[in-house]
Amino acid sequence: MTTSHDSRQSARHCHHQPLCPSADAPDRDAALIRVAHPEQGWSLLCNGVIVFEDTGELLPDGRTIPPLPAPR
C-alpha cells in the first residue's frame, strides 16, 4: 500500500512548472494526467490520484473520495 509519504515523493518527481499539487492538497485535481484510460473510465494524475469519470477519486494512501451528486 502507498503511504502519504509516497504521494509527496511522487510529487517531487513532477517535472511540470509550476509543480502539480500534492494528493493531499485541496486542488489535487489540477494535477496533470500521466496515464488516461477513457475506455475504462479512469485517469492517473501526476500526483498519484486516480480520478474516475463519475468524479470519484482514489488517493495514493487508499482513501476514497465519493463521486459528486448529479446536478438536478
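The rules behind the values
- Residues numbered from 1 in each chain as written.
- Predicted model: local features only at pLDDT ≥ 70, side-chain atom pairs only at ≥ 80, totals over all residues.
- Heavy atoms only, no water.
- Helix = DSSP H or I, 4+ residues; strand = E, 2+ residues; numbered from the N terminus.
- Polar contact = N/O pair within 3.5 Å; in protein donor to acceptor, adjacent residues only side chain to side chain.
- Contact = heavy atoms within 4.5 Å.
- Pairing = 2+ DSSP bridges.
- Core = buried A, V, L, I, M, F, W, Y, C linked by side-chain atoms within 4.5 Å.
- Buried < 20%, exposed > 50% of the residue type's maximum accessible area, 1.4 Å probe, protein only.

Undergrad: What exactly am I supposed to notice about the side chain of Arg28 here?
TA: One can find Arg28 in the loop between helix H1 (4-12) and strand E1 (33-37). A distance of 2.9 Å separates a polar atom in the side chain of Arg28 from a polar atom in the side chain of Glu57. Beyond its immediate chain neighbours, meaning those up to four positions away, Arg28 contacts Pro21, Ser22, Ala23, Leu45, Asn47, Val49, Glu57, Leu59 and Ile65.

Undergrad: Looking at this structure, how should I read the sheet that holds strand E2 (residues 42-45)?
TA: Remark on secondary structure: sheet strands pair via backbone hydrogen bonds, oriented parallel or antiparallel. Read across the open sheet, the five strands follow the order E1-E2-E3-E4-E5; overall the sheet is antiparallel. Whereas interior strands pair on both sides, the edge strands pair on one side only; in this sheet they are E1 and strand E5 (64-65). Strand direction decides the pairing type here: strand E4 (residues 57-58) and E5, joined by two bridges, are antiparallel. Bridging across to E5, Glu57 finds its partner in Ile65.

Undergrad: Please clarify how the nonpolar core should be interpreted in this entry.
TA: Side chains of a nonpolar character, in soluble globular proteins, are inclined to be buried together. Grouped together as the largest cluster of nonpolar side chains are nine residues: Cys14, Cys20, Ala23, Ala31, Leu45, Cys46, Val49, Val51 and Leu59. Each residue touching Leu59, except ones within four places of it in the same chain, is listed here: Ala23, Arg28, Val49 and Ile65.

Undergrad: I keep staring at the environment of Asp61 and nothing clicks. Help me out?
TA: Take Asp61: it is sitting in the loop between E4 and E5. Asp61 sits in the partly exposed class, given a relative accessible area of 21%. A polar atom in the side chain of Asp61 sits 2.7 Å from the side chain of Arg63.

Treat this as a map of the structure, not an account of what it does.
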